[in-house]
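# Structural features, examined
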Amino acid sequence: ETGVTQTPRHLVMGMTNKKSLKCEQHLGHNAMYWYKQSAKKPLELMFVYNFKEQTENNSVPSRFSPECPNSSHLFLHLHTLQPEDSALYLCASSQDPGITDTQYFGPGTRLTVL
Amino acid sequence: SQQGEEDPQALSIQEGENATMNCSYKTSINNLQWYRQNSGRGLVHLILIRSNEREKHSGRLRVTLDTSKKSSSLLITASRAADTASYFCATDQAGTALIFGKGTTLSVSS
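This section reports on the structure supplied with the text.

Quick notes on the rules
Residues numbered from 1 in each chain as written. Chains lettered and ligands numbered in written order. Predicted model: local features only at pLDDT ≥ 70, side-chain atom pairs only at ≥ 80, totals over all residues. Heavy atoms only, no water. Disulfide = S-S within 2.5 Å. Helix = DSSP H or I, 4+ residues; strand = E, 2+ residues; numbered from the N terminus. Buried < 20%, exposed > 50% of the residue type's maximum accessible area, 1.4 Å probe, protein only. Pairing = 2+ DSSP bridges. Axes fitted to C-alpha atoms, helices over the stretch in contact; angles between N-to-C directions. Phe/Tyr/Trp six-rings, centres within 6.5 Å; stacked < 30°, edge-to-face > 60°. Contact = heavy atoms within 4.5 Å. Buried area = accessible area lost by both parts, 1.4 Å probe. Salt bridge = Lys/Arg side-chain N within 4 Å of Asp/Glu carboxyl O. Polar contact = N/O pair within 3.5 Å; in protein donor to acceptor, adjacent residues only side chain to side chain. Nonpolar A, V, L, I, M, F, W, Y, C, P; charged D, E, K, R; others polar.

### Observations regarding the state of the cysteines
All names here are of chain A. In the structure shown here, the tally under the stated rule is 2 disulfides over all chains. The disulfide partner of C23 is C91, and the S-S distance across this bridge is 1.9 Å. On the sign convention where negative is left-handed, the bridge of C23 and C91, at about -70 degrees about the S-S bond, is left-handed. A residue pair is termed long-range when its members are at least 10 positions apart, and C23 in strand 3 (residues 18–25) and C91 in strand 9 (residues 87–94) qualify at 68 residues. Considered together, C23 and C91 belong to a single accessibility category, that of buried residues. With no disulfide of its own, C68 lies closest to C91 among cysteine sulfurs, the gap being 9.0 Å. We classify C68 as buried; its relative accessible area is 12%.

Next up, the structure:
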């Protein structure tokens, strides 16, 4: 285990639903990340939080809304998603916000939008 | 795009053989990292090589970096069935975040 947990592991939702993904890290890290991994595409960085402050929003549609209440927890709130949003959503953390730092990933949430 | 590109996209070998994967990138970097991902799981960090290093070892892994060619290679020696996974390189080209490639899918059969 990497010390980063994600729940739920699998999620099926309709386009009108509202759901949230949760990520928790037990490593005492200061930076947390959300990535989207779609089939046959590179891992896409969505959001970066450093010390609870959002420092990166990689042109993500507003139907994805992140929340970072503290350095250990990160949420991704989902509403009115599209079928093309179906993917594996990965959370990661690193000790420092520096880009050279090793990232530790959670197991991911497999999201299916019907 | 700025991401690293792994080559080949897929690789199938027998147990005991060596597996070599390559990564190319486009702009200068501070470091390059290799990650592994088992099917449907999160990524696991394998090794980090800095721009002033040319080679690095970790167990059965050997990573090389050629900054003049903007390329890196990952060698897995004496492969095992448990090495079956996707392997990604990640670079800090963008300046603010790691950029991952599409990955090489390695299949090791016994």
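### Section: the sheet that holds strand 8 (residues 73–79) of chain A
Residue and element names in this part refer to chain A. Taken in spatial order, the 4 strands of this open sheet run 1-3-8-7, and their pairing is antiparallel. Two strands lie at the open edges of the sheet, namely strand 1 (4–7) and strand 7 (64–70), each paired on one side alone. Pairs of neighbouring strands in the sheet enclose a mean axial angle of 20 degrees, with direction left out of account. Pairing of strand 7 with strand 8 involves 5 bridges; the strand directions are antiparallel. Residue pairing across strands places P66 opposite L76, the latter belonging to strand 8.

### With respect to the packing of aromatic side chains
With the rule as written, the count across this model stands at 7 aromatic pairs over all chains. Look at F105 of chain A and Y35 of chain B: their rings are 5.8 Å apart centre to centre, the planes differ by 80 degrees, and that puts the pair in the edge-to-face class. Of this pair, F105 of chain A sits in strand 10 (residues 104–105) while Y35 of chain B sits in strand 4 (residues 31–37), placing the two residues on different chains. Given the relative accessible area of 1%, F105 of chain A is considered buried.

### Notes on the interface of chain B and chain A
With 21 residues of chain B at the contact, the number on the chain A side is 21 residues. Taken over both partners, the interface formed by chain B and chain A buries close to 1,700 Å², and the fraction arising from carbon and sulfur atoms is 57%. Joining chain B to chain A, the criterion identifies 0 salt bridges. Run the count over chain B and chain A and you get 3 residue pairs in polar contact (both at pLDDT 80 or more). Among the elements of the structure, strand 4 and strand 5 (43–50) of chain B are those that each provide at least two residues to the side of chain B that touches chain A. Taken together, the residues of the side of chain B that touches chain A sort by class into 7 nonpolar, 11 polar and 3 charged.

### Let's talk about the environment of G3 of chain A
All names here are of chain A. Locating G3 in the fold gives a position in the segment before strand 1. In this structure, the C-alpha to C-alpha distance between G3 and G28, residues 25 residues apart in sequence, is 9.7 Å. Apart from residues lying up to four places away in sequence, G3 is in contact with E24, Q25, H26 and L27.

### Observations regarding the pattern of salt bridges
Where side chains of opposite charge bring their charged atoms close, a pairing between them can arise. Following the criterion strictly, the structure yields 6 salt bridges over all chains and no others. One salt bridge in this structure joins D85 of chain A and R63 of chain A, with 2.7 Å as the shortest N-O distance. Taken together, the positions of D85 of chain A in the loop between strand 8 and strand 9 and R63 of chain A in the loop between strand 6 (53–57) and strand 7 put the pair 22 residues apart, joining distant regions of the chain. Overall, D85 of chain A belongs to the buried group, its relative accessible area being 2%. The shortest N-O distance in the salt bridge between D83 of chain B and R60 of chain B comes to 2.9 Å. Of the two residues, D83 of chain B is situated in the loop between strand 8 (71–76) and strand 9 (85–91) and R60 of chain B in the loop between strand 6 (55–58) and strand 7 (61–66); the sequence distance between them amounts to 23 residues.

### Some thoughts on the side chain of H29 of chain A
Residue and element names in this part refer to chain A. Tracing the chain through its elements places H29 in the loop between strand 3 and strand 4 (31–37). Here S93 takes part through its side chain, which lies 2.8 Å from a polar atom of the side chain of H29. Among the polar contacts made by the side chain of H29, one reaches the main-chain amide nitrogen of S94 at a distance of 3.4 Å. The contact partners of H29, leaving out residues within four places of it in the chain, are S71, S93, S94, Q95 and Y104.

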